[in-house]
Amino acid sequence: MSDLINHLTSVQKDVLKEIGNIGAGNAATAFAQFLNTRIHMTVPSVTIVPIEDVPELTGGIETEVVSVLLKVMGESPGSILLVFSVQSTENLLKMIIDEFDIYQLGEVEVSAIKEIGNILSGSYLNAINQMTGFNLFQSIPAFAFDMAGAILSSSMFSIAENDYALLIETKFINGDEEIEGFFFYIPDPGSLEKILKSLGFDTQ
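Attention in this report is confined to the structure presented alongside it. (Residues numbered from 1 in each chain as written. Predicted model: local features only at pLDDT ≥ 70, side-chain atom pairs only at ≥ 80, totals over all residues. Heavy atoms only, no water.)

With that settled, the discussion passes to the overall build of the chain. The number of helices and strands found in the chain is 8 helices and 8 strands. Here the chain has a C-alpha radius of gyration of 16 Å; the compact-globule value for 204 residues is 17 Å, and the two agree. Projected onto its principal axes, the C-alpha coordinates of the chain cover approximately 55 × 35 × 25 Å. Buried positions account for 49% of the 204 residues belonging to the chain. In the chain, of all internal contacts separated by at least 6 residues, the share reaching a separation of at least 24 is 74%. Element-wise, carbon and sulfur atoms account for 49% of the exposed surface of the chain, whose accessible area totals about 9,700 Å². (Helix = DSSP H or I, 4+ residues; strand = E, 2+ residues; numbered from the N terminus. Rg over C-alpha atoms; globule rule 2.2 N^0.38 Å. Buried < 20%, exposed > 50% of the residue type's maximum accessible area, 1.4 Å probe, protein only. Contact = heavy atoms within 4.5 Å. Areas by Shrake-Rupley, 256 points an atom, 1.4 Å probe, with all protein chains shown as cover.)

Take a look at the structure:
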């Protein structure tokens, strides 16, 4: 996939960014409905990044983060990795649960985070489906709370063959609380080509 990434035209990159923008908008709407409150969203940053840079982008290899990992199935399979900082996770849980210990999360808190990951991932996949005509769907989410480097290493069984990820970074805002989320869509080899081809681009 690295050769394809290196040769993407500005138009192709713009289309991928538009998918990210639509997905972020869908996510904000779904997020607000789930929390039953008004959610504002910053303009998302959409970039293509090397997999090896993921820990640094989320704060550093030794930075503790919360993540939700899902497999994407369908015409363009891959993986989705959602990453939240500890502070963002606390801000998120405050909207749902009255009392909790971020370092001793129970079943209720973990289930809430996984469900939010499920909702956000579905929102981004819907954006891809809308623009490509695909029918992509996600697996049951897996949860992890660890250092960013360790989470990526533990996820390598799913993404070892991939060199790059589509990163969508945005902030969801509820009053004074900010939730910064990092959404990584990691296509399996050949999947990005399928997406671009479905959008009318020649990837040869």
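With that out of the way, let us pick up the nonpolar core. Counting residues in each nonpolar core, the largest one holds 46 residues, and the members touching the most others are F31, I80, F172 and Y185. Mapped by element, the contributors of at least two residues to this core are α2 (10–35), β3 (64–73), β4 (78–85), α4 (86–94), α5 (107–132), β7 (164–174), β8 (177–187) and α8 (191–198). In terms of nonpolar packing, the next biggest core, distinct from the first, is built from 15 residues, V49, V54, L69 and I186 among them. (Core = buried A, V, L, I, M, F, W, Y, C linked by side-chain atoms within 4.5 Å.)

The subject of this paragraph is the pattern of salt bridges. Inspection of every chain in the model, using the stated rule, returns 1 salt bridge. With a shortest N-O distance of 3.6 Å, E178 and K171 are connected by a salt bridge. The exposure class of E178 is partly exposed, given its relative accessible area of 36%. The exposure class of K171 is partly exposed, given its relative accessible area of 29%. (Salt bridge = Lys/Arg side-chain N within 4 Å of Asp/Glu carboxyl O.)

The next thing to look at is α8. Those residues of α8 lying buried are S191, L192, I195 and L196. Considered in projection along α8, the buried side chains sweep an arc of 135° and stay on one side of the axis. (Arc of directions from axis to C-beta.)

With that out of the way, let us pick up the pairing of β3. The element β3 is largely enclosed, with a buried count of 7 among its 10 residues. Where β3 meets strand β6 (residues 142–147), 6 bridges bridge the pair, whose relative direction is antiparallel. Residue pairing in the sheet places S67 in a bridge with A144 of β6. In this structure, β3 lies alongside β4, joined through 8 bridges in antiparallel fashion. Each bridged residue has a counterpart across the sheet, and for S67 the counterpart in β4 is V83. The turn linking β3 back onto β4 is made up of 4 residues, and G74 within it adopts a positive phi angle of 125°. (Pairing = 2+ DSSP bridges.)

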